[in-house]
Amino acid sequence: MNAATLLLFGATGDLAKRKIYPALFNLHLDRKLPAGFSIFGMGRSAWNDTEFRRRVAQSISDFSRRPAADEAELNAFLERFRFCRLNVAAPEDFARLLEQVRASEQELGLAENRMFYLSVAPELFEPIVRHIHESGLSRVSGWKRLLIEKPFGRDLASARALNALLGSVFREEEIFRIDHYLGKRMVQNLQKLEYTNPMLQAVWKNQYIANVQITASETVGVEERAAYYDEAGAIRDMVQNHLLQVLAMFAMQLPRRGTAADMADKKRALLASMRPLLKEEAERSIVRGQYAAGAMGGEPVPAYRDEPGIEEGSSNDTYIAARIMIDDYFWQGVPFYLRTGKRMAKKATRIVVEFKDPLDKYSRTNELTAPNLLIIDIGPHEGISFQLNVKDGQHRFISDPVRLHYAADQSGVPEAYENLIEGAIQGDAAFFARWDEVELSWQWIQPVLEAFAENRVPLRFYEAGSDGPEAAQRLLEEDGFHWWALTGPEADPSRDADEYRTEREAVYEAAR
Ligand code: BG6
């Protein structure tokens, strides 16, 4: 394995504490970090190495999926860490950092392979990248890579400007744009599912699929991120990146060789086929919501507008539902519905594929026949379920939907950030977002942002702890569909088939 130095900007931040250190520790335990792999953490705090290591150890004890059971192992891990206090506006701090990195590379006999990781507020991207370049940190005899956290711009123009800046120092193959949804096992699994199951591959197209529903619903509110979130909203925070990437991973044509470049090419083709929205018509395809006061788990919670740090009367979106049409040969006519919201009744990231009713073919549509569903649970529970129909024992025309459920064993499974950092260390960009994908997703989002800014899409309020605004239901009803519920008995794919049958019988009795 390639020995390397990781230079982490934002080492005192929340993401580092919750995700990055625990991920590095688990990679260390799995012997997936090269023996010579040292980590420089940069931040404004006046920490020394000892203090830094103490904090890293604390983050592992608080957030690692596996505990640090063996003290010697933990110490060996902590020894990789050094702290360098740094003011991003001070060139002399970067010069000092370069000296320290060089000294460490020499001391440990490491090649000049440097991985720069920007886990900082977006306004710091520019000065950091500029100083990385000007200080000589990026002039290496080995390889260099840049890992960059979101947000990648706040609209099409700023994303392009950011990319131009990165491109002045790093080549595209050296840039790893993080979208942590791409690190999730079940998202990575989408391609496998289709590729290795001819049964699914055969029906992965508009001939058989009626619609696809992609949901990322959260119970948390804005938390301590008011300053960022009130500017970003759900449209930038979740839709532009995570949901469009999940859509692309689901709907792209299979890459022939499965290389990173191949995959990115297929994703680009898919994203380029999204039917553009006109801002004048955005209201027809987009629902924009914001949570009002409500209750979570029986406890009252405030409205978004009353959360600390949120601007009074803010019209920011905490909920988005969207209909996206894909104009390519395979998906023509199949609506893809996306929705995401904060303060919803349930935390669930799920794809539901609703199949067409085969009885349609004989114009014998039987209202009592439930459609076939393929349900892919991405998180927090991972699993796959099928809803099929079997003949009911008593009634001649009725069929019973039954659920076949696979609950993935999640113990011992790497977290998204482990997969991502491991990929970056290996130089494998398969599960990162290439620039053309990011640009295409912003291109699709841009008219929506404009429509919001011009108040063309009404802001709908929904009660905290609910399933989101009513208008989101109407979006599907117009097309003759409904959202497959995330709460209630029907939402649970692992539910006992008997229970399901009883419910269907009640439907049948009522219809008689
Ligand atoms: C982040 C968003 O990218 O994803 C957060 O900034 C959101 O607002 C989070 O809560 C959701 O991620 P996950 O993995 O919990 O679904």
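Residues numbered from 1 in each chain as written. Predicted model: local features only at pLDDT ≥ 70, side-chain atom pairs only at ≥ 80, totals over all residues. Heavy atoms only, no water.

**Description of the UniProt feature "binding site: NADP(+)" (unreviewed entry) in the protein chain**
Reasoning step 1: Mapped onto this structure's residue numbering, the UniProt feature "binding site: NADP(+)" (unreviewed entry) falls at Gly-10, Ala-11, Thr-12, Gly-13, Asp-14, Leu-15, Ala-16, Lys-17, Arg-44 and Lys-150.
Reasoning step 2: Topologically, Ala-11 is positioned in the loop between strand S1 (4-9) and helix H1 (14-29).
Reasoning step 3: Ala-11 has contacts with Ala-16, Tyr-21, Gly-41, Met-42, Trp-47, Phe-52 and Phe-83, leaving out every residue within four places of it along the chain.
Reasoning step 4: Structurally, the position occupied by Arg-44 is in the loop between strand S2 (37-43) and helix H2 (49-63).
Reasoning step 5: Beyond its immediate stretch of four places on either side in the chain, Arg-44 contacts Arg-85 and Leu-86. (UniProt positions renumbered as here; feature names shortened; annotations may be inferred. Helix = DSSP H or I, 4+ residues; strand = E, 2+ residues; numbered from the N terminus. Contact = heavy atoms within 4.5 Å.)

**With respect to the sheet that holds strand S13 (residues 348-355)**
Reasoning step 1: With mixed pairing, the nine strands of this open sheet are ordered in space as S16-S15-S14-S13-S7-S12-S11-S8-S17. In this open sheet, the two strands that pair with only one neighbour each are strand S16 (399-407) and strand S17 (459-463). Neighbour-to-neighbour, the strand axes of this sheet turn through a mean angle of 15°, independent of strand direction.
Reasoning step 2: Relative to strand S14 (residues 373-379), S13 is paired through six bridges, and the arrangement is antiparallel. For Ile-351, the partnering residue across the bridge sits in S14 and is Ile-376.
Reasoning step 3: The sheet strands contacting helix H7 (residues 185-196) are S13, S14 and strand S15 (383-391), and the helix crosses S14 at an angle near 145°. (Pairing = 2+ DSSP bridges. Axes fitted to C-alpha atoms, helices over the stretch in contact; angles between N-to-C directions.)

**Concerning helix H4 (residues 91-108)**
Reasoning step 1: For H4, which comprises 18 residues, the first-to-last C-alpha distance of 26 Å matches the rise-based estimate of 26 Å (1.5 Å per residue) to within 8%.
Reasoning step 2: Taken together, the buried positions of H4 are Asp-93, Phe-94, Leu-97, Leu-98, Val-101, Ser-104 and Glu-105. The arc enclosing the buried residues of H4, seen along the axis, measures out at 145°, which places them on a common side. Away from its buried face by more than 90 degrees, H4 exposes Glu-92, Glu-99, Gln-106 and Glu-107.
Reasoning step 3: Structurally, H4 contributes buried residues whose contacts are with S1, S2, strand S3 (81-85), strand S4 (114-118) and helix H5 (125-135).
Reasoning step 4: Looking one or two places after H4, you find Gly-109, whose phi comes out positive at around 65°. (Expected span 1.5 Å × (residues − 1). Buried < 20%, exposed > 50% of the residue type's maximum accessible area, 1.4 Å probe, protein only. Arc of directions from axis to C-beta.)

**Considerations on the pairing of S13**
Reasoning step 1: Most of S13 sits inside the fold, with eight of its eight residues counted as buried.
Reasoning step 2: Going residue by residue along S13, you find Ala-348, Arg-350, Val-352 and Glu-354 tucked away on one face and Thr-349, Ile-351, Val-353 and Phe-355 tucked away on the opposite face as well.
Reasoning step 3: With eight bridges connecting them, strand S7 (residues 209-217) and S13 associate as antiparallel partners. What sits directly across from Gln-213, in S13, is Val-352.

**Regarding the pairing of S15**
Reasoning step 1: Direction of pairing for S14 relative to S15: antiparallel, over a ladder of five bridges. Residue pairing in the sheet places Ile-376 in a bridge with Ile-384 of S15.
Reasoning step 2: The hairpin formed by S14 and S15 contains three residues between the paired strands.
Reasoning step 3: Here S15 pairs with S16 via nine bridges, running antiparallel. The residue bridging Gln-387 from the neighbouring strand is Arg-403, located in S16.

**Topic: the packing of helix H9 (residues 226-251) against helix H10 (residues 260-272)**
Reasoning step 1: Here H9 crosses H10 at 105°, and the two axes come no closer than 9 Å. Viewed along their axes, H9 and H10 adopt a mutual orientation that is roughly perpendicular. Contacts from Leu-244, Gln-245, Leu-247, Ala-248, Met-249 and Ala-251 of H9 reach H10 at Met-263, Lys-267, Leu-270 and Leu-271.
Reasoning step 2: Its residues placed into classes, the contact of H9 with H10 shows eight nonpolar, one polar and one charged. (Parallel < 35°, antiparallel > 145°, perpendicular 65-115°, else oblique. Nonpolar A, V, L, I, M, F, W, Y, C, P; charged D, E, K, R; others polar.)

**Section: the site of the ligand**
Reasoning step 1: Around the ligand, a shell composed of Lys-150, His-180, Tyr-181, Lys-184, Glu-218, Arg-225, Asp-237, Met-238, His-242, Lys-342 and Lys-347 is seen.
Reasoning step 2: Glu-218 is positioned with one of its side-chain polar atoms (N or O) 2.5 Å from an oxygen atom of the ligand.
Reasoning step 3: At a separation of 2.7 Å, an oxygen atom of the ligand approaches a polar side-chain atom of His-242.
Reasoning step 4: With the chains in place, 80% of the 400 Å² that the ligand exposes on its own is no longer accessible.
Reasoning step 5: Residue classes in the shell around the ligand are distributed as two nonpolar, two polar and seven charged. (Near = heavy atom within 4 Å. Polar contact = N/O pair within 3.5 Å; in protein donor to acceptor, adjacent residues only side chain to side chain. Areas by Shrake-Rupley, 256 points an atom, 1.4 Å probe, with all protein chains shown as cover.)

**Topic: unusual backbone geometry**
Reasoning step 1: The omega angle of the peptide bond from Lys-150 to Pro-151 is 0°, so this bond is cis rather than trans.
Reasoning step 2: Among the structural elements, Pro-151 can be located in the loop between strand S5 (144-148) and helix H6 (156-167).
Reasoning step 3: Along the chain, Gly-379 connects to Pro-380 via a cis peptide bond; the corresponding omega equals -10°.
Reasoning step 4: With phi around 55°, Arg-343 is a residue other than glycine that occupies positive phi space.
Reasoning step 5: Residue position: Arg-343 is located in the loop between strand S12 (336-341) and S13.

**Some remarks on the packing of aromatic side chains**
Reasoning step 1: One pass over the full model with this rule turns up 22 aromatic pairs.
Reasoning step 2: The rings of Tyr-21, Phe-25, Trp-47, Phe-52, Phe-77, Phe-81 and Phe-83 are connected pair by pair, giving a single aromatic cluster.
Reasoning step 3: In this arrangement the basic side chain of Arg-145 is found over the ring face of Trp-143, its NZ or CZ atom lying 3.6 Å from the centre.
Reasoning step 4: For the cation-ring pair, Lys-184 lies above Tyr-181, with the distance from its terminal atom to the ring centre recorded as 4.5 Å. (Phe/Tyr/Trp six-rings, centres within 6.5 Å; stacked < 30°, edge-to-face > 60°. Lys NZ or Arg CZ within 6 Å of the ring centre and 35° of its normal.)

**Brief notes about helix H12 (residues 416-426)**
Reasoning step 1: Counting buried positions over the eleven residues of H12 gives ten, a clear majority of the element.
Reasoning step 2: Within H12 the residues assigned to the buried category are Ala-416, Tyr-417, Glu-418, Asn-419, Leu-420, Ile-421, Glu-422, Gly-423, Ala-424 and Ile-425.
Reasoning step 3: Against the buried residues of H12 lie H1, S2, S4, S5, strand S6 (175-177) and H7.
Reasoning step 4: Gly-427, located one to two residues past H12, shows a positive phi value of around 75°.

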